[in-house]
Amino acid sequence: MKVIVCENYDEMSAKAFEVIKELLDVKKDAVLGLATGSSPVGLYKEMIQYHKDGYSYKDIKSYNLDEYVGIDRKDPQSYYTFMYENLFKDIDIDLNNTHVPYGNTEADCKAYEDALSEVSIDLQVLGIGQNGHIGFNEPGTPFETLTHIVDLTENTREANARFFDNDINKVPTQAISMGIGTIMKSKKVLLVANGENKADAIKAMIEGPIDTACAASALQNHADVVVVLDKAAASKLTK
Ligand code: F6R
């Protein structure tokens, strides 16, 4: 894994954008895997600025990692809405080329995985949970898992309560998520993390054993991973 440590969130976002820009500049029809959450918002702002500077995303395709179960697409809390508000509405991507998983059945999971197997993700953007989850692959998820329905852990629901009026009872209990096996198929992975509350997960991901106890440790087996951190998220790394 290539690890880049930055002074702060803004520098992390700018460095992460440099990694995406390298791809965008050579492949106008690149396939991006995208994440929601607070970590990539600054990166998406950089992508929006690139569009304002003249770059066109009209042939870019995107596939998101995950979505809550039981929340309508149009709901302000849905990950679809998050992507629309934080990226899609401010760039010229064709909304028909954007994909966010949806549903709660095995057939829904299979449909998303089938759609993914028809393309090849050039670059997958990831954040990381405090418990080391990537996508919503919680600790203990087998590494070969494909798109599946997940029971969210208490820890994840607590962490995400900030998007639900700080009320954990409002946070859905399930999500549909690409599996670790799905994520590992992407050609390149770009993981961004900031803040002290991510430091343990980052240490486990990079320096810990490759073990399902830390889902992100699976990335040690991927040939092309770039991890962009702020100082606080990197603070427990020994090297
Ligand atoms: C989001 C996702 C999650 C988040 C993780 C970190 O689509 O799959 O794995 O990346 O929970 O969330 P933030 O960035 O809000 O700390």
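Residues numbered from 1 in each chain as written. Predicted model: local features only at pLDDT ≥ 70, side-chain atom pairs only at ≥ 80, totals over all residues. Heavy atoms only, no water.

Undergrad: Talk me through the overall build of the protein; I want residue IDs and the actual numbers.
TA: Of the regular secondary structure elements, the protein holds 7 helices and 10 strands. Here the C-alpha atoms of the protein give a radius of gyration of 16 Å, agreeing with the 18 Å that 2.2 N^0.38 yields for 239 residues. Its C-alpha atoms give the protein principal-axis dimensions of about 40 × 40 × 35 Å. When burial is assessed residue by residue, the protein has 52% of its 239 residues classed as buried. Put simply, of all contacts in the protein between residues at least 6 apart along the chain, 80% involve residues at least 24 apart. Per element, the accessible surface of the protein, about 10600 Å² overall, is 48% carbon and sulfur. (Helix = DSSP H or I, 4+ residues; strand = E, 2+ residues; numbered from the N terminus. Rg over C-alpha atoms; globule rule 2.2 N^0.38 Å. Buried < 20%, exposed > 50% of the residue type's maximum accessible area, 1.4 Å probe, protein only. Contact = heavy atoms within 4.5 Å. Areas by Shrake-Rupley, 256 points an atom, 1.4 Å probe, with all protein chains shown as cover.)

Undergrad: Can you explain the sheet that holds strand β4 (residues 66-68)? Please cite residues and give values.
TA: Read from one edge to the other, the open sheet built from 3 strands follows the order β4-β8-β7, with strand pairing classed as antiparallel. The open sheet has two edge strands with one neighbour each: β4 and β7 (148-151). Strand-to-strand twist of the sheet, defined as the mean angle between neighbouring strand axes without regard to direction, takes the value 25°. Inspection of the sheet shows β4 paired to strand β8 (residues 174-177) by 3 bridges, in the antiparallel sense. Looking at β8, one finds that E67 is bridged to I176. (Pairing = 2+ DSSP bridges. Axes fitted to C-alpha atoms, helices over the stretch in contact; angles between N-to-C directions.)

Undergrad: So what's going on with the site of the ligand? Residues and values would help.
TA: Around the ligand lies a shell of 14 residues, among which S39, D66, H133, G135 and K198 are the nearest. Between S38 and the ligand, the recorded distance is 2.8 Å, taken from a backbone N or O atom to an oxygen atom. R162 is positioned such that a nitrogen or oxygen atom in its side chain is 2.7 Å from an oxygen atom of the ligand. Within the complex, 94% of the 410 Å² of free accessible area of the ligand lies under protein. Taken together, the residues of the shell around the ligand break down into 3 nonpolar, 8 polar and 3 charged. (Near = heavy atom within 4 Å. Polar contact = N/O pair within 3.5 Å; in protein donor to acceptor, adjacent residues only side chain to side chain. Nonpolar A, V, L, I, M, F, W, Y, C, P; charged D, E, K, R; others polar.)

Undergrad: Hey, could you go over the packing of helix α2 (residues 41-52) against helix α3 (residues 79-86) for me, with residue numbers and the actual values?
TA: It is the contact of α2 with α3, at a shortest axis distance of 10 Å, that shows an interaxial angle of 45°. As far as their axial angle goes, α3 and α2 are oblique. Here V41, Y44 and I48 of α2 lie close against α3, whose contacting residues are F82, M83 and N86. (Parallel < 35°, antiparallel > 145°, perpendicular 65-115°, else oblique.)

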